[in-house]
Structure formats: structure tokens, C-alpha cells
Amino acid sequence: MNGSISSLIDRLAAAHRLEHGEYKALIDGRTPEAAERLAALASEARKRIYGNKIYIRGLIEISSICKNDCLYCGLRRSNRSCQRYRLDADKILSCCREGYALGFRTFVLQGGEDAYFTDGRLCGLLRAIKREHPDCAVTLSFGERSRESYERLREAGADRYLLRHETADAAHYAKLHPASMSFENRMRCLNDLKALGYQVGCGFMVGSPRQTSETLASDLKFVEAFQPDMCGIGPFIPQSETPFRAEKAGSLELTCYLLSILRLIRPNLLLPATTALGSVHPFGREMGIQAGANVVMPNLSPQAVRKKYALYDNKVTDGDESAQCVASLAARMAAIGYEAVIDRGDVIRSD
Ligand code: SAM
Ligand code: SF4
């Protein structure tokens, strides 16, 4: 490993920050040795806060209907061949019951921006989940809403909200989204969520079209400044019915490298080894954990709808990606020295 990369890594581990140009150099100059060193430091940093615990979340994909047209996503409204569905409250509650029995203590409700899920409906659902499972956390991921809406959802019991910023570079954001969506509104949402007391997750795809080491360095600077509690990153994977169908997928190797960097920027992050990682490599999740991730989110949606939530091609929905296989997932974690725990898995804030 060249000396300047090695000293950047040491400085990042000690100071939890670098300059924009230094992040770019760390990304451009990466080598297998640098990745190994970053992963070792990231593992130490995580161990100091979370030990060898891996938090599990049950992911319930409640609607494939979306009013937006993000260029990368298979659920975009222009995709005529996407099979649309939405789950009703009873179905969602029965997924939670099943998840609870399997040992999940966080439910992540995610979906497209579907107007059916008004504040009233979501608040009713949140209250019902909390009534049945007062010891569980609920994470929402429904995209951009008004501050008032986020406030109502928070009051009804939502603990966390995942809204990937997608890219911290406004010009790049405009290349991934239609003109009807704005970088400013995405930032407004993230700031509102934080001000309302949610545990907030941002994040981005690795290898999204037109991404560069410059824009990635901006993402890392954004994480430094925003100080999220969670950060979801996974490789971009093309979907055949989107404008990005012919673009290259993001790399597993760069995703893992960035997971390690993120862990060193913010050691207490809840950092998932995402489904996208598990989709590009059979051991993608383990590789993510070994790079610094500490969360896995197996799928708790009803089997019948899983294939319909087709964000990208070849998304894994069965085997150990399935919440029903949590025991086998736990065994896989144990095989690499980690313990999948029955726990809400809240962020541990040291600052
Ligand atoms: N609609 C909500 C939103 O956009 O925040 C939540 C659901 S959305 C499908 C969740 C995440 O999926 C997005 O933030 C995006 O980063 C990711 N995603 C969408 N299309 C993808 C693709 N082709 N490859 C990898 N990840 C993708
Ligand atoms: Fe809709 Fe989210 Fe997909 Fe964008 S990323 S099209 S908001 S589901």
C-alpha cells in the first residue's frame, strides 16, 4: 500500500474525517491491502461500540405503487410492466406477528410513494403495531413527505426513518431523477426528520450512473456533516424496464470499501449489509459485515408479493434473504464470528 494512502487511513481512523480531496484520493488509490486495513480498523471501531452483535430487522415491502419516476428504480411509475400491489393493514400486522415470533424486534415498513398511505392510514397502522408489540421499534421508508406528515407519524410511534439522499451532489442528483424531484426537497426532508427526533438514515447506491469519485467524496463529506444514525449503501443494479437498463452494476468491492470508510467516519452508525449486496454475491452480506456493517434486514413480506417489489433485476427474495430463514442467517453470522441478536437495535449515541 502506498504511504500516502496508508497515512490517510490512519488519519481517518483517528479523526473520523478527511478533506474532500483526501476522500477522493482514498477511493481512487484503493488497493486490496488498503481495503484490508480499512476493514480491520472498521471492525475494531464497531466492536468498541456494538461488540460482535448484528441487529436484524424484518423488512415489509408494503406497496409497489409509486408516483415518482426515479430513473434507476423498477417501481418508477413509467414502468408499465411492474406488477403493482399494496398490503392492507391486516396483512401488515400479520407479517409483524410472524416476525415477532421469529425474533424480530424492529419492523421496517418500506414502499413506493403511494398516495393510499395517507397520514391517517399510516398513523393507524403505527398505533396498531405499537399496541401489539410495545417492545419493538418501527422504521419507515416511504420517501419524501411534508414536515407535518413526518411529525404525525413520529407522534403515532415511528422511531426511525430511512431516506437515502442518493447523492450529495446536486448536479448528479438531477441526472438520477426527473425534474419534478429536487435535491433541495430531499435535504429538507432529511433535516426535518432529524429535527423531529427520528433516528435518521441517509444513503446512496454505489456505482449509480454518472457517479464519480468526486461525487462519492461529497457523499462522505455529507455523512460527516449530517451525522445520520443509519446509512444504507448498496451497489446499483440495473433494471431492464428503466432508462438505466444498459448501465453497469456497481461493484461489491467498492461497496465494501465504502462501508469501512463510513464506519470510521461515524463508528456508531447502524450500517446494513443490504439486499443489493446479497443479490450481487452469495456471500455479499458476510462481506459487508466483515467490512464494517452491523445490520441485516431479511424480507418479511408475504411470499406472494416479493417478486413484485422489483427495484432491480435478479433481486434475491428467498433463501437466507427470507425472514423465515433467520436461524440459518444467524448461523452464517456465527460462522464469521458475529451474533445475530433479538433486540430493537437502537443506535448507541456517543455524541
Ligand atoms: N420509495 C422510497 C424511497 O425512494 O426512499 C423507499 C423505497 S426505494 C425502492 C428504496 C431504495 O432502493 C432507494 O433509496 C434506492 O437507493 C434503492 N434502489 C432503487 N432502485 C435501485 C437499483 N436499481 N439498484 C439498487 N438500489 C436501488
Ligand atoms: Fe419510487 Fe422510491 Fe423507486 Fe423512487 S426509488 S421510484 S421514490 S420507490
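Caption draft 1: Up close: the pattern of salt bridges. A complete count under the given rule lists 27 salt bridges for this structure. We note a salt bridge from Asp114 to Arg86, for which the minimum N-O separation is 2.8 Å. Residue Asp114 is found in the loop between strand S3 (106-111) and helix H5 (119-132), and its partner Arg86 is found in the loop between strand S2 (58-63) and helix H4 (89-102); the two are separated by 28 residues along the sequence. In this structure, Arg188 and Asp192 form a salt bridge, with 2.9 Å as the shortest nitrogen-oxygen distance. One end of the pair is Arg188 and the other is Asp192, both in helix H8 (residues 183-195) and four residues apart, which spans about a single turn. Judged by relative accessible area, Arg188 falls into the partly exposed class, the value being 29%. Members of the salt-bridge network, linked through shared partners, are Lys130, Asp159, Arg160, Arg344 and Asp346.

Caption draft 2: Up close: the site of ligand 1. Surrounding ligand 1, one finds 17 residues, the nearest of these being Tyr72, Gly111, Arg164, Glu166 and Ile237. In the environment of ligand 1, an oxygen atom lies 2.5 Å from a nitrogen or oxygen atom belonging to the side chain of Glu166. For ligand 1, whose accessible area on its own is 550 Å², the fraction buried by protein is 93%. Using a 2 Å cut-off from the grid points, one finds that ligand 1 occupies the largest cavity. Looking at the shell around ligand 1, its residues break down into ten nonpolar, five polar and two charged.

Caption draft 3: Spotlight on the site of ligand 2. Lining the immediate surroundings of ligand 2 are Cys66, Asn68, Cys70, Tyr72, Cys73, Leu75, Arg76 and Gly112. A molecule is said to occupy a pocket when more than half its atoms come within 2 Å of that pocket's grid points, and by this definition ligand 2 occupies the largest cavity. Considering only residue class, the shell around ligand 2 consists of five nonpolar, two polar and one charged.

Caption draft 4: Highlighting helix H14 (residues 326-335). Those residues of H14 not exposed but buried are Val326, Leu329, Arg332 and Met333. Buried residues of H14, viewed axially, fall in a sector of 115°; they line one side. Within H14, the exposed residues directed more than 90 degrees away from the buried face are Ala327 and Ala335. In the core, the buried residues of H14 are packed alongside strand S1 (53-56), H4, helix H12 (284-291) and strand S8 (295-296).

Rules of the game
- Residues numbered from 1 in each chain as written.
- Chains lettered and ligands numbered in written order.
- Predicted model: local features only at pLDDT ≥ 70, side-chain atom pairs only at ≥ 80, totals over all residues.
- Heavy atoms only, no water.
- Salt bridge = Lys/Arg side-chain N within 4 Å of Asp/Glu carboxyl O.
- Helix = DSSP H or I, 4+ residues; strand = E, 2+ residues; numbered from the N terminus.
- Buried < 20%, exposed > 50% of the residue type's maximum accessible area, 1.4 Å probe, protein only.
- Near = heavy atom within 4 Å.
- Polar contact = N/O pair within 3.5 Å; in protein donor to acceptor, adjacent residues only side chain to side chain.
- Areas by Shrake-Rupley, 256 points an atom, 1.4 Å probe, with all protein chains shown as cover.
- 1 Å grid on protein atoms, 1.4 Å probe; cavity = no way out; pocket = protein on both sides within 12 Å on 5 of 7 lines; lining within 4 Å.
- Sits in = over half its atoms within 2 Å of the grid points.
- Nonpolar A, V, L, I, M, F, W, Y, C, P; charged D, E, K, R; others polar.
- Arc of directions from axis to C-beta.
- Contact = heavy atoms within 4.5 Å.

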